[in-house]
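Below, each chain spelled out in residue letters.
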Amino acid sequence: MESVDPSEWLSSADCASRTGLTARALRVYEEIGLVAPRRSAAGWRQYGPHDLMKLKTIALLKTAGLSLAQIGEVTRSGASEPTLQHILAIQLDAWKRRRADAERGQAIAEAALNRLRADQSLSLDELCNLIRSLEMTQSQPSAASTGHDDVAWVIVDLAVLDSYAGFYQRGEYGVTTIWRDGQRLFIDAPIPGSLGAVALHPTSETEFYPTHGAGYFQYTFLRDQQGTVSGILMRVQGVEITSPRIDATTAEQLMAKLSERIQSQKPLPGSQAALRRLVEGIQAGNPPYEEMSSQLVQLVRMQLPLLRPLAEYLGAFRATEFRGVEGGGFDQYDVHCERGTSRWRILLSADGTMTSASYDWERPNSAAGSSDLSQCRRGTGEHQWNPHKPNIQA
């Protein structure tokens, strides 16, 4: 290797510190060919003036709204600096693809706003359409919020993948199983849009995205000081949930505990009263956050703008009816209100803290008719607040 002036080259840590980029971002840029730092005699990455100019260009194009895939297209066009004409052409193409959805969402919102300005309440169909348009917007998160558009899949050594295979505890009763099949890892955790096992795709040696739910879900494997895999960190919609690794015996004990609870079909002490406080709190716009886990608090805060209109539509609370214990250990209740009935699931920890909750409009009894409510359910899906069973939808 030729001799170079050390003052003209930065290590990965120095480059990240001085540019404000993360070490992970630098790795991703290198993996997809946007930068190619040289290596020192000891094999360490070194970033020189030319690399810093490339990083400046990447930052400029990201500010202009281009994804890393588009930036790669621009920077590989042959020009040392992308032309404004090239940037604008790519931006125009992206905005054309988004315009139809934006116009449809605008029309729905304007129609709802005009009815409210005329002192008219929204029908259930209109509420469902409005929520569906909001969910369509949230189901297409930006690269800045998820990072999913800015990653490239990598190849991970099979021995590393094998070290991740095993059992991880999810909440009070849940067990997540991860295994390798061929070149890929699979996970049995339920994820929206999936049926059964889901493949995990690596963006680095420790970070993976599922086939379904990409953009919302990210899994990072954790190691202790001895280098042993100690758990898995799930990030979903800005909330982080850690599942510790457990051995096969503990996994069997948890599954036996869950099976015993399902067979008993008895509600958890306090779950009925907790659910009533939750539902009435949502209707009033003031859920009982002090009774929830920190993860559930974050998720409820995010989903409250969607939940409150539907909860208000059902009207005054009347009664709850216990429907049994479902497969995940949740207590199921039908919540009967003035204009309809909703099906809720709730899970409490040993100290009575609400750790998970979910709902759907499964048993309507209002004048609006079952077809209206069932259409709403099909359109928006089941809204989950469940940090331990990761099938949350925004």
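Please refer to the structure higher up on the page.
Residues numbered from 1 in each chain as written. Predicted model: local features only at pLDDT ≥ 70, side-chain atom pairs only at ≥ 80, totals over all residues. Heavy atoms only, no water.

Q: Before we go on, may I ask you to explain the overall build of the protein chain in this structure?
A: The helix and strand inventory of the protein chain stands at 12 helices and 15 strands. Residue burial in the protein chain is summarised as follows: out of 394 residues, 44% are buried. Of all intrachain contacts in the protein chain linking residues separated by at least 6 positions in sequence, the fraction that spans at least 24 positions is 53%. Carbon and sulfur atoms make up 52% of the accessible area of the protein chain, which totals about 20,100 Å². (Helix = DSSP H or I, 4+ residues; strand = E, 2+ residues; numbered from the N terminus. Buried < 20%, exposed > 50% of the residue type's maximum accessible area, 1.4 Å probe, protein only. Contact = heavy atoms within 4.5 Å. Areas by Shrake-Rupley, 256 points an atom, 1.4 Å probe, with all protein chains shown as cover.)

Q: When you look at the packing of helix α10 (residues 271–284) against helix α11 (residues 294–314) in this model, what are you seeing that I'm missing?
A: Helix-helix packing is described using two parameters, namely the angle between the two axes and the distance between the axes. Interaxial distance between α10 and α11 falls to 8 Å at its minimum, and their mutual angle equals 100 degrees. Between α10 and α11, the interaxial angle falls into the category roughly perpendicular. In this structure, α10 uses Ile282, Gln283 and Ala284 to contact α11, whose residues at the interface are Leu304, Leu307, Arg308, Ala311 and Glu312. Here the contact of α10 with α11 is composed, by residue class, of five nonpolar, one polar and two charged. (Axes fitted to C-alpha atoms, helices over the stretch in contact; angles between N-to-C directions. Parallel < 35°, antiparallel > 145°, perpendicular 65-115°, else oblique. Nonpolar A, V, L, I, M, F, W, Y, C, P; charged D, E, K, R; others polar.)

Q: Explanation requested: the packing of aromatic side chains in the structure shown.
A: Both the distance between ring centres and the angle between the ring planes are used here to describe each pair of aromatic rings. In this structure the tally under the stated criterion is six aromatic pairs. Arranged with centres 5.9 Å apart and planes meeting at 85 degrees, the rings of Tyr164 and Phe208 form a pair that is edge-to-face. With a gap of 44 residues between them, Tyr164 in helix α8 (residues 158–164) and Phe208 in strand β7 (residues 207–210) connect regions that are remote in the sequence. For Tyr164, a relative accessible area of 0% puts it in the buried group. Here Phe208 falls in the buried class, since its relative accessible area comes to 1%. What links up through ring pairs into an aromatic cluster is the set Tyr164, Tyr168, Phe208 and Phe221. Here the guanidinium or amino end of Arg301 rests over the ring plane of Tyr289, the centre of that ring lying 4.0 Å away. (Phe/Tyr/Trp six-rings, centres within 6.5 Å; stacked < 30°, edge-to-face > 60°. Lys NZ or Arg CZ within 6 Å of the ring centre and 35° of its normal.)

Q: Hey, could you run me through the sheet that holds strand β8 (residues 217–223) in this one?
A: Strands pair in a sheet through their backbones, by hydrogen bonds, and they do so in one of two ways: parallel or antiparallel. Read once around its circumference, the closed barrel built from eight strands follows the order β3-β4-β5-β6-β7-β8-β9-β10, with strand pairing classed as antiparallel. Recorded for the sheet is a direction-independent mean angle of 30 degrees between the axes of neighbouring strands. In terms of strand pairing, strand β9 (residues 229–236) meets strand β10 (residues 239–246) through six bridges, oriented antiparallel. Each bridged residue has a counterpart across the sheet, and for Arg235 the counterpart in β10 is Glu240. (Pairing = 2+ DSSP bridges.)

Q: Could you clarify how one ought to interpret the side chain of Ser243 in this entry?
A: Along the chain, Ser243 falls in strand β10. You can call Ser243 buried: its relative accessible area is 10%. Setting aside its immediate chain neighbours within four residues, Ser243 contacts Tyr168, Gln169, Arg170, Gly231 and Ile232.

Q: How should the pairing of strand β3 (residues 166–170) be read in this particular structure?
A: Taken residue by residue, a regular strand's side chains alternate between the two faces of the sheet. The sheet contact formed by β3 and strand β4 (residues 174–181) spans five bridges and is antiparallel. Bridge assignment links Gln169 to a residue of β4, and that residue is Val175. In this structure, the hairpin formed by β3 and β4 is closed by a connection of three residues, where Gly171 is found at a positive phi of approximately 75 degrees. Where β3 and β10 come together, two bridges link them in antiparallel fashion. The residue bridging Tyr168 from the neighbouring strand is Arg245, located in β10.

Q: Explain unusual backbone geometry here, please?
A: The phi torsion of most residues other than glycine is negative, and most of the peptide bonds are trans. Although it is not a glycine, Gln265 sits at a positive phi angle of roughly 55 degrees. Mapped onto the elements of the fold, Gln265 is located in the loop between α9 (248–264) and α10.

Q: Teacher, can you tell me more about the pattern of salt bridges here?
A: When the charged atoms of two side chains lie near each other, side chains of opposite charge can form a pair. The full count for this structure, using the stated rule, is 12 salt bridges. The partner of Arg261 in a salt bridge is Asp331, and the shortest N-O contact between them spans 2.3 Å. Residue Arg261 is located in helix α9, and its partner Asp331 is located in strand β12 (residues 331–337); the two are separated by 70 residues in the primary sequence. No difference in accessibility class separates Arg261 from Asp331, as the two residues are buried. A network of salt bridges, in which partner residues are shared, links Glu321, Arg323, Asp334 and Arg343. (Salt bridge = Lys/Arg side-chain N within 4 Å of Asp/Glu carboxyl O.)

Q: Honestly, the nonpolar core in this entry has me stumped. Any pointers?
A: Soluble globular proteins tend to bury their nonpolar side chains together. In terms of nonpolar packing, the biggest core is built from 31 residues, with Leu275, Leu278, Met292, Trp344 and Met354 touching the most fellow members. For this core, the secondary structure elements donating two or more residues are α10, α11, β12, β13 (340–348) and β14 (354–360). Considering each element in turn, this core owes the most residues, nine residues, to α11. Core analysis: the next-biggest nonpolar cluster, separate from the first, contains 21 residues, Tyr168, Val229, Ile232 and Leu299 among them. (Core = buried A, V, L, I, M, F, W, Y, C linked by side-chain atoms within 4.5 Å.)

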